[in-house]
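Notes for the structure review
So the chains spell out like this:
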Amino acid sequence: MGDFAKKIDTFLDVFINQNGYVKVLNGLQNTLLIAVLGLVIGIIIGTIIAIVRVIPKYKVLPRILNGLCSFYVGLFRGTPIVVQLLVFYYVLLPLLGVRISGVNVAILVFGFNSGAYISEIMRSGILSVDHGQMEAGRAVGLGYWTTMLKIVIPQAVKNILPTMGNEFIALIKETSVVSFVGALDLYVAFSNIGSNSYEFMVPYLVMALIYIILVLIISAGIKLMERSLRKSDRRH
Amino acid sequence: MIDVINLQKSFGEHNVLNGINVKINKGDIMCVIGPSGSGKSTFLRCLNCMEDPTGGQIIFNGVDIADFKVDINIHRRHMGMVFQHFNLFNNKTVIENIMLAPVHIGLADLKKTKRQNSIIKLTNLFRSSKMKKELSPVTTDKAQIKQKAKENALALLDRIGLKEKADVYPSTLSGGQKQRVAIVRALAMNPDVILFDEPTSALDPEMVGEVLDLMKDLAKEGMTMIIVTHEMGFAREVANRVLFIDGGQILESAPPEEFFGNPKHPRLRDFLSKVL
Ligand SMILES: Nc1ncnc2c1ncn2[C@@H]1O[C@H](COP(=O)(O)OP(=O)(O)OP(=O)(O)O)[C@@H](O)[C@H]1O
Ligand SMILES: [Mg+2]
């Protein structure tokens, strides 16, 4: 036990006196940035794909778009996220001659990736809204897109909110691989602290705790949001 | 006002409407009856192209709206529709349900006028002073459109005695209240005609009356209505013409006295003997 106490002392020394906390805060910021912006990009891409996939397909253009979207979803769901990160960072961007930081690459790739997953969630959300809602919108002279955006999507979003919360939690956890493209996240921060002191047990334990706390906070937030939404159902 | 010429509709191999011909004049109250699956709803839904006809023409105010080239949304503004299951927008309050389309369309028209005006202004720069084109007058603004729609919606709610429900969500209304709101939602567009698809079939019996009463009021005011219904008493009392559809064809079309008193087609006689 005395051994463990010593390890804690070593960790605290690096964490506090050797500016370890700066790295951790920086890493935490990047982890959250990648997850939050990734989710935002994912929601935008996912919603567009979901709408394309539920459009009636009598005409050629919707069919082509639908094919493209299926391909996109298949591609991003069919390969590991690490492979996607590596391909973007070391293959695609150099080929295009673009230089952007690891964090930005991670934001983009996580956005594209979660877009594929969110499109499926959103599609089931849209399909769960009674078709009569679309018909009523069209019957008063609103266009397909107007009805979709003003009537159907808001109801779909409400239905899928819990699933979206889970997607966000999954995203937070998955960002722990972004060091593959040189982004400094929570994992990198703690592993640096470990290498500085040749002592990894406590840093990784603290890292695990931080991830758990993050997830707990988000879960609580989702619960609150769900409750307030249900309240608006019962209003008056 | 609506001239249906040889209307046909099939779902794949299944021919549901086999050449419907009918004329609807302003002020007509036309009830449509027939056995289940005979194509009544399909007929009604073809009139505003909720189902795209697979053949024939629907001439509405002089335009064939069955033609894919017309912008159907513009014509639908003049044709209200009331559904069996109300289909109020669940994410909008009662008053928002009524205001949504008028506001959206008012704003869209305003935007369009302004856009056209800026194009005219731009091209005017290159015209000689005599040739300059006039701008279309912009007589309203966003706030005014919303205000007008709101006043109109409140007046409509007042008319059906549901003014105090303006700010509640549809989920808290009874079936009869929902259907009456759905009817005034259609009215808010000032339509030339309202299409009803079994407006009372999903209601508890004690709520049928309030909806039929509202429809009778509209009929008295001269609203043109096409009503698919199983309410024979209502059809007899209010309609000025009753259609019998079976097998996707109009088998009988007559004023109610004749339709119910002296039915000619054997299948109509058979049908009436079962339902009356
Ligand atoms: N979207 C659709 N796809 C395929 N078949 C359809 C579709 N809509 C209707 N039909 C078919 O068309 C036929 C006529 O249906 P319709 O709903 O017009 O009948 P209806 O006279 O309104 O009957 P009800 O009194 O039961 O409402 C039915 O056989 C139905 O199965
Ligand atoms: Mg029907």
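This report concerns the structure included in the present document. Nothing here was measured: the structure is a model prediction, and the numbers come from that model.

So, on to the pattern of salt bridges. Should the charged atoms of two oppositely charged side chains come close, the side chains can pair. Scanning all chains against the criterion turns up 14 salt bridges over all chains. Glu237(B) is paired through a salt bridge with Lys216(B); the nearest N and O atoms lie 3.5 Å apart. Note that Glu237(B) is positioned in helix 7 (residues 232-238) and Lys216(B) in helix 6 (residues 205-220), a separation of 21 residues in sequence. The class of Glu237(B) is exposed, set by a relative accessible area of 55%. Among the charged side chains, a salt-bridge network with shared partners connects Arg53(A), Glu120(A) and Arg123(A).

Residues and elements named next belong to chain A. Considering bend angle alone, the principal kink of helix 4 (residues 81-96) is centred on Phe 88 and spans about 40 degrees. Listed in full, the buried residues belonging to helix 4 are Ile 81, Val 82, Gln 84, Leu 85, Phe 88 and Leu 93. In this structure, the buried side of helix 4 is in contact with helix 3 (60-77) and helix 5 (102-127).

The next thing to look at is the interface of chain B and chain A. Each partner contributes to the interface: chain B provides 27 residues, whereas chain A provides 21 residues. Interface area for chain B against chain A, summed over the two sides, is near 2000 Å², with a carbon-plus-sulfur share of 56%. On the chain B side of the contact with chain A, Phe89(B), Asn91(B) and His104(B) bury the most area, a combined 24% of that side's loss. Our enumeration of links across chain B and chain A arrives at one salt bridge. Connecting chain B to chain A are eight residue pairs in polar contact (both at pLDDT 80 or more). Of all the secondary structure elements, the ones that give two or more residues to the side of chain B that touches chain A are helix 2 (72-76), strand 6 (79-82) and helix 3 (94-124) of chain B. It is helix 3 of chain B that provides the largest number of residues to the side of chain B that touches chain A, a total of four residues. A breakdown of the residues in the side of chain B that touches chain A according to their chemical character gives 13 nonpolar, eight polar and six charged.

On to a nonpolar patch on the surface, then. On the surface, a nonpolar cluster with roughly 480 Å² of combined accessible area is contributed by Leu33(A), Val36(A), Leu37(A), Val40(A), Ile44(A) and Ile48(A). Inspection of the secondary structure assignment puts Ile48(A) in helix 2 (residues 20-54).

Criteria and cut-off values
Residues numbered from 1 in each chain as written. Chains lettered and ligands numbered in written order. Predicted model: local features only at pLDDT ≥ 70, side-chain atom pairs only at ≥ 80, totals over all residues. Heavy atoms only, no water. Salt bridge = Lys/Arg side-chain N within 4 Å of Asp/Glu carboxyl O. Helix = DSSP H or I, 4+ residues; strand = E, 2+ residues; numbered from the N terminus. Buried < 20%, exposed > 50% of the residue type's maximum accessible area, 1.4 Å probe, protein only. Bend = angle between axes of the 7 residues up to and from the residue. Contact = heavy atoms within 4.5 Å. Buried area = accessible area lost by both parts, 1.4 Å probe. Polar contact = N/O pair within 3.5 Å; in protein donor to acceptor, adjacent residues only side chain to side chain. Nonpolar A, V, L, I, M, F, W, Y, C, P; charged D, E, K, R; others polar. Patch = residues over 30% accessible without salt bridge, like charges linked within 9 Å, V, L, I, M, F, W, Y side chains within 5 Å. Areas by Shrake-Rupley, 256 points an atom, 1.4 Å probe, with all protein chains shown as cover.

These figures come from the coordinates and say nothing about function on their own.
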